[in-house]
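Letter by letter, the chains look like this.
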Amino acid sequence: MPGQSSDSRPTRGQRAPTLKEIAEHAGVHVSTASRVLRQPEPVDGWSPSAQRVRHAAEELGYRRNVWAASLRTRKTTTLGVVMTRLTDGVVATTYQGIDEAATRAGYSVLLASPPDDAAAQRDAIELLVGRRVDGLLLGGLHAPAAEFIESLTVNVPMLTVTRHADAGLPFVGGDDRGGGRLAARYLIDRGYTDLAVIGGPAHATTATDRLAGFLNGLGEAGIELAPSRIVTSAFDVDGGIVAGRQLLDGPDRPRAIFTVSDTIAIGVLGVARDLGLHIPADLALVGYNDIPIAAQLPVPLTTVASPARRIGETAARGLLDLIEGRDVVSALLPVELMVRGTG
């Protein structure tokens, strides 16, 4: 009709499109349109016909009725996420990957970021379960966490992310042992044998796995560190300052240090500066995670890059598979050594 808009999307007051109309617009059967619009994105992506359905639905202004779907399936299409230390850039990037993958699958995310202790994490888990989430992603568990997990009165799928915490649950994280070994082999190949390591907190399996990988790499080369050359610390800059002073403020200082996080390494760099040490002439340094500032430091930091966003995305897809009743195998994603100016 003259003057009629060609835009088929409903405006205020117009009805929503039917499944039949979406199917006809996409050139598929109604059952195909229904299946595509109610399922999360498959791990290997949408098929061409599914993409046509989704594009047709968008063009026609289809909006999924989440609450009606919840009543039919007893699902809320909501994931619960417990992540400590969310102010840490790596943790925040991991969460961003989780949120993006959940959104693509038609799920929303409820986030709890408790203090880094077990009691606070228990409270956060109970809060999210009370909100009827369909599954839980747990980051920041304290190892060993198997007894903690068994004590929870939780009847939803759970998956650990970043820290496996020896929890006995499916897990997605980086290859931290492999990353520690990469750091060891790099320093050895550069000719360093007078070494030390700052290993992070003992309750975090990210830290203990990186430390174990580093020590294993040294052992393969016949190098054994004295106990005084293995220091634990918090993950933050202040932890690096305290541990750095312990290792460097004396005549018997190491020639190279591996730290299990970049923030620890930044603290060590500050100590080295205050002591008048030159990097890398007086001290070589290798960090871990490859946070954005690592490459922008006055002496760019050599570090092991962990794929934080991909870890989050993979963890979210794994939890969605568990929710749908599919088997999930734990995944260690590959890491990469970024050689820069400090080592």
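You'll find the structure just up there.
What you see is a predicted model, and the numbers here were worked out from it, not measured in a lab.

Participant: What am I meant to see in the packing of helix α1 (residues 19-26) against helix α3 (residues 48-60) here?
Facilitator: Helix-helix packing: each pair is described by the crossing angle between the helix axes and the interaxial distance. Where α1 contacts α3, the two axes come as close as 8 Å, and the packing angle between them is 120°. What the angle tells us is that α1 and α3 run oblique. Crossing angle aside, the handedness with which α1 passes α3 is right-handed. Counting all contacts with α1, which are made through E21, I22, H25 and A26, the residues of α3 involved are R52, V53, A56, A57, E59 and L60. Its residues assigned to classes, the contact of α1 with α3 shows six nonpolar, one polar and three charged.

Participant: What should I look at first to understand unusual backbone geometry in this one?
Facilitator: Trans is the prevailing form of peptide bonds, just as negative phi is the prevailing case for residues other than glycine. Note the cis peptide between A143 and P144, where omega equals -10°. Checked against the element boundaries, P144 lands in the loop between β3 (135-139) and α7 (146-151). A positive phi angle is found at R85, which is not glycine, with a value near 55°. For R85, the position within the fold is in the loop between β1 (78-83) and α5 (89-104). Non-glycine residue A165 carries a positive phi angle of around 60°.

Participant: Can you walk me through the nonpolar core in this structure?
Facilitator: Among the nonpolar cores identified, the biggest contains 47 residues, and L187, F214, L218, L248, I257 and F258 are the most heavily contacted of them. Elements with a contribution of two residues or more to this core: α8 (176-189), β6 (195-198), α9 (205-220), α10 (237-248), β8 (256-259), α11 (262-274) and β9 (284-289). Tallying contributions element by element places α11 first for this core, with six residues. Not counting the four nearest positions on each side in its chain, F214 is found in contact with G180, R181, A183, A184, L187, A196, V197, L225 and F258.

Participant: I'm lost on the sheet that holds β6 in this one. Help?
Facilitator: If you trace the six strands from one edge of the open sheet to the other, you get β7-β6-β8-β9-β10-β12, paired in mixed fashion. At either margin of the open sheet sits one strand with a lone partner, and together these are β7 (230-231) and β12 (336-338). Relative to β8, β6 runs parallel, the two being bridged by four bridges. Residue pairing for β8: A196 is matched across the bridge by I257. Relative to β6, α9 is tilted by about 165°, and along the sheet it contacts β6, β7, β8 and β9.

Participant: When you look at the pattern of salt bridges in this model, what are you seeing that I'm missing?
Facilitator: It is possible for side chains bearing opposite charge to pair when their charged atoms get close. Scanning all chains against the criterion turns up 12 salt bridges. One salt bridge connects R163 with D116, and the closest N-O pair in it is separated by 3.3 Å. Of this pair, R163 sits in the loop between β4 (158-161) and β5 (171-174) while D116 is found in the loop between β2 (108-112) and α6 (118-130), placing the two residues 47 residues apart along the sequence. Judged by relative accessible area, R163 falls into the buried class, the value being 4%. A salt bridge links D176 to R210, with the nearest nitrogen and oxygen atoms 2.9 Å apart. Highlighted residues: D176 in helix α8 and R210 in helix α9, separated in sequence by 34 residues. For the pair shown, D176 and R210 are each scored as buried. Among the charged side chains, a network of salt bridges with common partners joins D194, R229 and D252.

Participant: For this particular structure, what's the right way to read α6?
Facilitator: In a regular helix each residue adds 1.5 Å, so 13 residues correspond to 18 Å; α6 covers 18 Å between its end C-alpha atoms and thus fits that length. For α6, the set of buried residues is A120, Q121, A124, I125 and L128. The arc that holds every buried residue of α6, seen down its axis, measures 140°, which confines them to one face. In α6, the exposed positions that point more than 90 degrees away from the buried face belong to A119, D123 and G130. One side-chain oxygen of the residue at the start of α6 lies 3.2 Å from the amide nitrogen of A119, identifying that residue as D117. At the exit of α6 stands R132, carrying a positive phi of roughly 65°.

Participant: Sorry if this is basic, but what is going on with the packing of aromatic side chains here?
Facilitator: The geometry of two aromatic rings is summed up by the distance between their centres and the angle between their planes. Applying the stated criterion across every chain, the model contains two aromatic pairs. Aromatic side chains F214 and F258 sit 4.9 Å apart centroid to centroid with 25° between the ring planes, which places their arrangement in the stacked category. Here the residue F214 occupies a position in helix α9, and F258 occupies one in strand β8, the gap between them amounting to 44 residues. F258 gets classed as buried once you look at its relative accessible area, which sits at 0%. Within the aromatic cluster, the residues linked to one another by ring pairs are F214, F258 and Y288.

Conventions we followed
Residues numbered from 1 in each chain as written. Predicted model: local features only at pLDDT ≥ 70, side-chain atom pairs only at ≥ 80, totals over all residues. Heavy atoms only, no water. Axes fitted to C-alpha atoms, helices over the stretch in contact; angles between N-to-C directions. Helix = DSSP H or I, 4+ residues; strand = E, 2+ residues; numbered from the N terminus. Parallel < 35°, antiparallel > 145°, perpendicular 65-115°, else oblique. Left-handed = near helix turned anticlockwise from the far one by under 90°. Contact = heavy atoms within 4.5 Å. Nonpolar A, V, L, I, M, F, W, Y, C, P; charged D, E, K, R; others polar. Core = buried A, V, L, I, M, F, W, Y, C linked by side-chain atoms within 4.5 Å. Buried < 20%, exposed > 50% of the residue type's maximum accessible area, 1.4 Å probe, protein only. Pairing = 2+ DSSP bridges. Salt bridge = Lys/Arg side-chain N within 4 Å of Asp/Glu carboxyl O. Expected span 1.5 Å × (residues − 1). Arc of directions from axis to C-beta. Polar contact = N/O pair within 3.5 Å; in protein donor to acceptor, adjacent residues only side chain to side chain. Phe/Tyr/Trp six-rings, centres within 6.5 Å; stacked < 30°, edge-to-face > 60°.

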